[in-house]
Amino acid sequence: MDEECSILQEEEREALLSIYDGDEAFKQVSPTIYQYKYGEDSDNKSFLLEVEWHDNYPNEAPKINLDMFYNKHIVSSVKENIRNKISKEADHYLGESMTFTLFEFLKDFATELVADQPDKEITESIIKLSIDNDDESAKKTTKKETMSKAQKRKQWDRLDSKGEKPRGYDWIDVVKHLSQTGSSKNEEN
C-alpha cells in the first residue's frame, strides 16, 4: 500500500465518519468498506450501495457492490445501470477522495436510476401466482391408493365387529419362540 494512499484514506475515513455521524443510512462495515442505503425499508425501489477501497484508492476507483441480500428485489438491469453511472462518476475523481461524492451523486439521481424497477405489487402478485400454481399442481398429483375387492375383503376380515384388530393379534407363541432360540447358558450349568 502506498503511503500517500494510506494517508488519504485515513483522512477520508475521518471525514466520512464526521459527516455521516448520526445518519442511519450510512454504515462503516470495516475501515475500507462503507455502505449507504437509499430509500425507505418498505419501498421496493430502495437499495444499498457498498463502496470498497483498494490498496491504491483513491488513485484507482473503488469497488462498487450491489450484490447484497438487501438488494435481492432489484432487477439486474437496474443494478447494472447504477454500477455504470457510479463508475463513470468515479473516473472523474481519480486521485481525490470520492466516497462522499459518489454517495451524494447517487442521492441526487437515485429516483432516476431506479425508474425501471417494477412496483412492489407487480412482483408480489407474480410470486403469489407462482405459489398458487405450485399448490394446485401438488393437489393434482396426490392420488388415493385404490384397493381391489380381494384386498378390501382381506383387510375387513382382519378386524372384529367394532373395526378393531382382535385381542392378541400380535402375540407370539412363547414355547415356539424359546424352542427356536434355545436355552441360555446360565440354565445349562
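Everything numeric here is computed off the predicted structure, so don't read it as measured data.

Trainee: How would you explain the overall build of the chain if you had to name every residue and give the values?
Mentor: Scanning the chain from terminus to terminus reveals seven helices and four strands. Tracing the chain from N to C terminus, the helices and strands come up as α-β-β-β-β-α-α-α-α-α-α. Here the chain holds 189 residues, and the buried ones make up 25% of them. Residue pairs in contact within the chain that sit at least 24 positions apart in sequence constitute 51% of those at least 6 positions apart. Counting only carbon and sulfur atoms, one obtains 50% of the accessible surface of the chain, whose full area is about 14000 Å².

Trainee: Summarise the pattern of salt bridges; cite the residues concerned and give the values.
Mentor: What the rule picks out here adds up to five salt bridges. Asp-67 is paired through a salt bridge with Lys-79; the nearest N and O atoms lie 4.0 Å apart. Placement of the pair is Asp-67 in the loop between strand E4 (63–65) and helix H2 (76–92) and Lys-79 in helix H2, with a sequence separation of twelve residues. On the basis of relative accessible area, Lys-79 is assigned to the buried category, the value being 13%.

Trainee: Before we move on, could you go through the pairing of strand E2 (residues 33–38) and cite the residues and values that matter?
Mentor: Among the six residues that make up E2, five are buried, leaving the element largely enclosed by the rest of the structure. As paired strands, strand E1 (residues 26–30) and E2 are joined by four bridges and run antiparallel to one another. Residue Ser-30 lies in a different strand from E2, and its bridge partner there is Ile-33. A loop of two residues connects E1 with E2, the two strands running antiparallel in sequence. Bridge count for E2 against strand E3 (residues 47–52) is six bridges, and the pairing is antiparallel. Its bridge partner being in E3, Tyr-36 is matched across the sheet by Leu-49.

Trainee: Can you lay out the sheet that holds E3 for me, pointing to particular residues and giving the numbers?
Mentor: Read across the open sheet, the four strands follow the order E1-E2-E3-E4; overall the sheet is antiparallel. The outermost strands of the open sheet, each flanked by one partner alone, are E1 and E4. Across this sheet, the average inter-strand angle for adjacent strands is 25 degrees, counted without regard to direction. Each of E1 and E2 is contacted by helix H1 (residues 3–19), which is oriented at about 145 degrees to E1, the strand it contacts most.

Trainee: Any details on the packing of H2 against helix H3 (residues 99–113)? Residues and values, ideally.
Mentor: Their axes nearest at 11 Å, the elements H2 and H3 cross at an angle of 145 degrees. The two elements H2 and H3 cross, and the hand of that crossing is right-handed. Mapping the contact onto sequence places Val-78, Asn-81, Ile-82, Lys-85, Ile-86, Glu-89 and Ala-90 in H2 and Leu-102, Phe-105, Leu-106 and Leu-113 in H3. Considering only residue class, the contact of H2 with H3 consists of eight nonpolar, one polar and two charged.

Trainee: Tell me about the environment of Glu-10, and name the residues and values.
Mentor: Secondary-structure assignment places Glu-10 in helix H1. Glu-10 sits in the partly exposed class, given a relative accessible area of 37%. When the C-alpha positions of Glu-10 and Thr-32 are compared, they lie 9.6 Å apart, and in sequence the two are 22 residues distant.

Trainee: Pulling in residues and values, what's your account of the nonpolar core?
Mentor: A general trend in soluble globular proteins is that nonpolar side chains are found buried together. One finds Tyr-38, Phe-47, Leu-49, Ile-82, Ile-86, Phe-103 and Leu-106 to be the most contacted residues of the largest nonpolar core, which totals 27 residues. Only E2, E3, H2 and H3 provide two or more residues apiece to this core. Broken down by element, this core gets its largest block of residues, six residues, from H3. Non-local contacts of Phe-103, meaning those with residues more than four positions away in its chain, are made with Tyr-20, Phe-26, Tyr-34, Gln-35, Tyr-36, Tyr-38, Leu-49 and Val-51.

Procedures and definitions
- In this numbering scheme, every chain counts its residues from 1 along its sequence in written order.
- In keeping with the model being predicted, local features are shown solely for residues with a pLDDT of at least 70 and side-chain atom pairs are shown and tallied solely at 80 or more, while totals for entire chains, interfaces and linings include all residues.
- To get the side-chain values, take all heavy atoms of the structure and skip hydrogens and water.
- To qualify as a helix, a DSSP run of H or I must reach at least 4 residues; to qualify as a strand, a run of E must reach at least 2; elements of each kind are numbered from the N terminus.
- Between buried and exposed lies partly exposed: a residue is buried under 20% and exposed over 50% of the maximum accessible area for its type, with that area taken using a 1.4 Å probe on protein chains only.
- We call two residues contacting when some pair of their heavy atoms lies within 4.5 Å.
- Residue exposure ignores everything except the shown protein chains as possible cover, and the areas themselves are Shrake-Rupley values with a 1.4 Å probe.
- Here, a salt bridge means any side-chain nitrogen of Lys or Arg that lies within 4 Å of a carboxyl oxygen of Asp or Glu.
- We call two strands paired when DSSP finds no fewer than two bridges between them.
- The angle between two axes is taken between their N-to-C directions and runs from 0 to 180 degrees, where each axis is a line fitted to C-alpha atoms and a helix contributes only its stretch in contact.
- In this scheme, a crossing is called left-handed if the near helix is turned counterclockwise away from the far one by less than a right angle; it is called right-handed if the turn is clockwise.
- When residues are sorted by character, Ala, Val, Leu, Ile, Met, Phe, Trp, Tyr, Cys and Pro go into the nonpolar class, Asp, Glu, Lys and Arg into the charged class, and all the rest, Gly among them, into the polar class.
- Buried Ala, Val, Leu, Ile, Met, Phe, Trp, Tyr and Cys residues that are joined via side-chain atoms within 4.5 Å together make up what is termed a nonpolar core.

By themselves these figures say nothing about function.
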